[in-house]
Structures are given as structure tokens and as C-alpha cells.
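# A structural walkthrough
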Amino acid sequence: MIHIKSPTEIEMIRRSGRLASETLDYVGSILREGLTTKEIDRLVHRFILDHKAVPATLGYKGFPGSCCVSINEEVVHAIPGSRTVKKGDVVKVDVTTILNGYYGDTTRTFLMEPVSDLARRLTMATKMAIDLAIETVRPGSRVGDIGAAIQGCVEKEGFSVVQEFVGHGVGVGFHEPPNIPHYGRAGTGVRLKKGMVFTIEPMINAGDWRVRILADGWTAVTSDGQLSAQFEHTLAVTADGCEVLTLSPAEREERARRAESPEALDLKTAKP
Ligand code: MF3
Ligand code: CO
Ligand code: CO
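Residues numbered from 1 in each chain as written. Chains lettered and ligands numbered in written order. Predicted model: local features only at pLDDT ≥ 70, side-chain atom pairs only at ≥ 80, totals over all residues. Heavy atoms only, no water.

## Quick word on the pairing of strand 4 (residues 90-99)
Our working rule: Categorising residues by exposure relies on relative accessible area from a 1.4 Å probe, with only protein chains included: less than 20% of the type maximum marks a residue as buried, more than 50% marks it as exposed, and the intermediate range marks it as partly exposed. Each helix is a run of DSSP H or I of at least 4 residues and each strand a run of E of at least 2, with the numbering of both proceeding from the N terminus. In short, DSSP must find at least two bridges between two strands for them to pair.
Of all 10 residues making up strand 4, 10 are buried, and the element is well covered by its neighbours. Burial along strand 4 is two-sided: Val-90, Lys-92, Asp-94, Thr-96 and Ile-98 facing one way and Val-91, Val-93, Val-95, Thr-97 and Leu-99 facing the other are all buried. Taken together, the 2 bridges between strand 1 (residues 54-55) and strand 4 define a ladder with antiparallel strand orientation. Paired with Val-54 across the bridge in strand 4 is Ile-98. Where strand 4 and strand 5 (residues 102-111) come together, 10 bridges link them in antiparallel fashion. Across the sheet, residue Lys-92 finds its bridge partner in strand 5, namely Thr-109. The loop that links strand 4 with its antiparallel partner strand 5 comprises 2 residues; one of these, Asn-100, has a positive phi angle of about 50 degrees.

What follows is the structure, encoded as C-alpha cells:
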């Protein structure tokens, strides 16, 4: 059963989503070479608590972190620990807040400049893919339209879509139906309806799409050791399209600027 959210529920998820995005703005402001992923986690933990929310990942199925910090070949769900952030790294931070009982789930990829051309192209292709996927979302469109948009965009660049992890309904629970694969065929799958709230969170690999799980039982890494990038937003289907619920005021402004001057994104030079 897919839970259709009321306007009041969507407002509660919007508040939580805004906080999750503000947490990522904060991560962007403190992230520097030499920090351990555990130090990042502690700062995220404090920030979320200071804003009267709790981190959804802490204790979730035994996960010990207040966020996931996955670097380079780590795809998702890396446990914060002693790994340090270095120049050239591709750093994915995934934050899920629970504010007044409602979930906001969002991920960004941060580039520790200077980075390789490949790291930048991969990250910008992933960002472009999530934006194209968001544009397909409206009442009557299909879950398969989302995956097809992502797959078409990144495979053209020679990159691959991780299949093991998918987007998900979210809001009242952490992971609700439906699943949102980041690959697939347009015109197939569940038909979207106004009031559905779900994440889109493509994990895009520079090489092979396969992943393996480390002995810690959580960290997913690329099977070939190559780079992976990810962006994630929580969004609500509206009467005529969708609303991204995980936008901080700063990110909202950035998106508006981009919409105003839609010059073609140059994957080789753009910054996420
Ligand atoms: N936030 C992740 C998602 O996008 C889930 C993380 S669960 C954890 O669904 F336990 F690994 F933190
Ligand atoms: Co998610
Ligand atoms: Co997430």
C-alpha cells in the first residue's frame, strides 16, 4: 500500500527535508582535508540535535552513525570511522532527519578540489541525471520514467547505474513502498499520484555497476574499485508536477539561478 500524504503531512516532511538539506549545507562549510568520517558524523549529530531533530540512521537496524559518509569507491552506507578525507576525494554524505516524527532524506556529493576530470564528470553527470529524473515526475507518469531518464543520461557518458539500492517512499516511515529503481523502461511500473512522497537517489559508477558489501555488513563498494557518485532528494508529487522537499534556502536559490540561465552544463568544468 502506497501512503498518499495530506498537505499537512507534506508540510511536516518539507520541514524535516529542509533541515536535512541545511545539515548538508553545514557539512559543505566544515568539510576539509584531514577530517575523519567519524568527526564529520559527530558534527552532523550535534547539528541535527541542535535543531530539535534526530538522525534516522542512528540505531537503524543497528547502524552506528548519524549519517553515512562514503568516499570514492564506497558507494553507500559507509560507517563513519577513521578514514580521513583527502584532496581529490569524491565524498558522499547521506543525511536523514526525523523532525516531529517526519523523515527527510537527502544526499550530496562533495568534491575535494582539485579533483580528476573523471571525478568531476561522474559527479556532474549524476547531478544532471537526478534533475532529469525529477522533471519526469507528475501525476500519471510512471516509476519506469524515472529510471529510464537516469539510465539514458549516465550511460551516454559511459557510466553505470547501481541496481542493488533503490529510491523509496518516505515521510512517515524511513523506507515505505514503492521502490524507485534508477534504471528501467519509460512507460512501465507504478503510476504516480498526487500526494506520493519518495526519494530519487541514483548511485552512479564510473566503471562496473556491481557492488559488494564489506565485512562490516554495511559499506557497499564498487566491485572494480572505481569511483561512485550519488545525489538524493525527497520529493512530493503535486497536481501538475512535483516539489523537491529537501531544499535549504541556499539550495533553493541555486536551483532558481540555474533554471534562469539554462546554458548547457559543461560536465568537465561545472561544480556540484
Ligand atoms: N539514507 C539511506 C537511504 O537513502 C539509508 C541509510 S540506512 C543506514 O535510504 F543505516 F545505512 F544508515
Ligand atoms: Co533514501
Ligand atoms: Co538517504
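Still more to cover.
## Focus on the sheet that holds strand 6 (residues 160-161)
Condition: Residue contacts follow a heavy-atom distance rule, with two residues in contact if any of their heavy atoms lie within 4.5 Å. An axis is simply a line fitted to the C-alpha atoms; with a helix, the fit covers only the stretch in contact. Between two such axes, the angle follows the N-to-C directions and lies from 0 to 180 degrees.
The 3 strands are arranged 6-10-13 in an open sheet whose pairing can be described as antiparallel. The outermost strands of the open sheet, each flanked by one partner alone, are strand 6 and strand 13 (228-230). Bridge count for strand 6 against strand 10 (residues 203-205) is 2 bridges, and the pairing is antiparallel. In the sheet register, Ser-160 faces strand 10, and the bridge partner there is Asn-205. Together, strand 10 and strand 13 form the strand contacts of helix 3 (residues 117-136), whose direction differs from that of strand 13 by roughly 30 degrees.

## Quick word on the site of ligand 1
What counts is decided by this rule: Residues are labelled near a given molecule or strand when at least one of their non-hydrogen atoms is within 4 Å of it. Any pair of nitrogen or oxygen atoms within 3.5 Å is treated as a polar contact; in protein, a donor-acceptor pairing is required on top of that, and neighbouring residues in sequence qualify only through side-chain atoms on both sides. Per-residue accessibility takes into account occlusion by the displayed protein chains alone, with areas from the Shrake-Rupley method and a 1.4 Å probe. A cavity here means a set of points on a 1 Å grid, drawn over the protein atoms and nothing else, where a 1.4 Å probe fits but cannot get out; a pocket is an open set with protein on both sides within 12 Å along at least five of seven lines, and a residue lines either one if it has an atom within 4 Å of a point. In this description, a molecule resides in a pocket or cavity if more than half of its atoms sit within 2 Å of the grid points defining it. Three residue categories are used. Nonpolar comprises Ala, Val, Leu, Ile, Met, Phe, Trp, Tyr, Cys and Pro, charged comprises Asp, Glu, Lys and Arg, and polar comprises the others, including Gly.
Near ligand 1 there are 14 residues, and of these Thr-57, Asp-94, His-175, Glu-201 and Glu-232 occur at the shortest range. In the model, an oxygen atom of ligand 1 is placed 3.0 Å from a nitrogen or oxygen of the Glu-232 side chain. A total of 340 Å² of accessible area belongs to ligand 1 in isolation, and the protein chains cover 97% of it. Comparing atom positions with the cavity grids shows ligand 1 to sit within the second largest pocket. Here the residues of the shell around ligand 1 sort into 5 nonpolar, 5 polar and 4 charged.

## Some points on the pattern of salt bridges
If charged atoms from side chains of opposite charge come close, those side chains can pair. Applied cut-off: Throughout this description, the term salt bridge denotes a Lys or Arg side-chain nitrogen within 4 Å of a carboxyl oxygen of Asp or Glu.
On inspection of all chains with the given rule, the structure shows 17 salt bridges. Arg-121 is paired through a salt bridge with Glu-157; the nearest N and O atoms lie 3.7 Å apart. Of this pair, Arg-121 sits in helix 3 while Glu-157 sits in the loop between helix 4 (143-155) and strand 6, and the two are 36 residues apart along the sequence. Judged by relative accessible area, Arg-121 falls into the partly exposed class, the value being 22%. Accessibility expressed as a relative area gives 28% for Glu-157, which makes it partly exposed. Counted as one network, the salt bridges with shared partners bring together Glu-11, Arg-14, Arg-15 and Glu-243.

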